[in-house]
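# Commentary on secondary and tertiary structure
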Amino acid sequence: MNKIDRVFKQPRAKALAGYITTGYPDVSATLNAVPVMVASGCDIIELGIPFSDPVGDGPVIQQASYRALMNGVTIKTCFDVASILSSNVTAPLVFMSYFNPILHFGIKLFVTNCRLSGISGLIVPDLPMEDSGELLEACRKNRLHLIYMLSPNSTDERIAQVAENASGFIYLISITGVTGACQEIPSGLEGLISKIRRLTDVPLCAGFGISTLKQASAIGKLTDGIIVGS
């Protein structure tokens, strides 16, 4: 069984996923921080692969990604870090990567290396559902979950497509825009969740903008987990 599936089968209040940019401020910091995150209650660890044009991220993660790249962090570095971490922590590791680095590395080779390094799932925020077929097939062959994203602006057609192909969990973008703190929970989130629940029983986790305990508690009442990054 994929480690992500085990998370949502455990009797717990809600799942907590924590994000960290691989190699920020340096590789040793990532290797030291992730076990602390797991010991502190993170059920899933999202490892960001640094990219030069992280269009879905706000200034905090953009700066972290830039710093990691300046440190010489590459996809191979990320695989090496994942291999070490997967041997030291029980929580599933999920790579968050933009599609260009995956395509440049080679889709099949990338996914194979993900499996070999202990990665349980992938999040690719700039890959449209319609163009994800090759990556989805590679993930299924390697028993990885390809985590799709939905937002309050998603069409009914897109929601149905994601619900049909989703596994692991569905990533709900709680705000329109980029990652980073926000002040209020958008009114459209509850309606989005209701639509998805009618189509699939795949767990739902919300991220983007969750920055206070009050927000986490409110969103946690609607979802199966929350994701906290910057």
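This text follows the structure it describes.
Worth saying up front: this structure is predicted, and the values here are computed from it rather than measured.

### Digging into the side chain of Ser117
- Residue position: Ser117 is located in the loop between α6 (107-116) and β4 (119-123).
- Residue Ser117 is classed as buried on the basis of its relative accessible area, which comes to 2%.
- Among the polar contacts made by the side chain of Ser117, one reaches the main-chain carbonyl oxygen of Cys114 at a distance of 3.1 Å.
- The residues touching Ser117, leaving out its near neighbours within four places in the chain, are Phe79, Ala82, Ser83 and Ser86.

### A short note on unusual backbone geometry
- In this model, Tyr24 is joined to Pro25 through a cis peptide bond whose omega is -10°.
- Tracing the sequence through the fold places Pro25 in the loop between β1 (15-21) and α2 (27-39).
- With a phi angle near 60°, Arg143 is a residue other than glycine that sits in the positive phi range.
- The class for Arg143 is exposed, based on a relative accessible area of 67%.

### Some thoughts on the packing of aromatic side chains
- Under the counting rule described, the total for this entry stands at 8 aromatic pairs.
- When the centroid spacing of 6.1 Å and the interplanar angle of 50° are considered together, the rings of Phe8 and Phe169 count as tilted. In this pair, Phe8 sits in helix α1 (residues 3-9) while Phe169 sits in the loop between α8 (156-165) and β7 (170-173), placing the two residues 161 residues apart along the sequence.
- Each ring, one from Phe105 and one from Phe110, has its centre 6.2 Å from the other, and the planes form 80°; the classification is edge-to-face.
- Classification of Phe105 by relative accessible area gives partly exposed; the value is 29%.

### Considerations on the sheet that holds strand β8 (residues 204-207)
- Reading across from one edge, β5-β4-β3-β2-β1-β9-β8-β7-β6 is the order of the 9 strands in this open sheet, with parallel pairing throughout. Strands with a single pairing partner mark the edges of an open sheet, and in this sheet they are β5 (145-147) and β6 (149-150).

### Here we look at the environment of Tyr148
- Take Tyr148: it is sitting in the loop between β5 and β6.
- The exposure class of Tyr148 is buried, given its relative accessible area of 6%.
- Through-space distance from the C-alpha of Tyr148 to that of Pro35 is 26 Å; in sequence the pair is 113 residues apart.
- Among all residues touching Tyr148, those that are not within four sequence positions of it are Met129, Ser132, Leu136, Val162, Asn165, Ala166, Phe169, Ile170 and Tyr171.
- Side-chain polar atoms of Tyr148 contact the side chain of Ser132, separated by 2.8 Å.

### Looking at the pairing of strand β9 (residues 225-228)
- Where β1 meets β9, 4 bridges bridge the pair, whose relative direction is parallel. Bridge pairing links Gly18 to Val228 in β9.
- In this sheet, β9 lies alongside β8 in parallel orientation, the contact comprising 2 bridges. What sits directly across from Ala206, in β9, is Ile226.
- The handedness of the β8 to β9 crossover, carried by helix α10 (residues 213-220), is right-handed.

Criteria and thresholds
- Residues numbered from 1 in each chain as written.
- Predicted model: local features only at pLDDT ≥ 70, side-chain atom pairs only at ≥ 80, totals over all residues.
- Heavy atoms only, no water.
- Helix = DSSP H or I, 4+ residues; strand = E, 2+ residues; numbered from the N terminus.
- Buried < 20%, exposed > 50% of the residue type's maximum accessible area, 1.4 Å probe, protein only.
- Polar contact = N/O pair within 3.5 Å; in protein donor to acceptor, adjacent residues only side chain to side chain.
- Contact = heavy atoms within 4.5 Å.
- Phe/Tyr/Trp six-rings, centres within 6.5 Å; stacked < 30°, edge-to-face > 60°.
- Pairing = 2+ DSSP bridges.
- Right-handed = clockwise from strand over helix to strand, strands pointing away.

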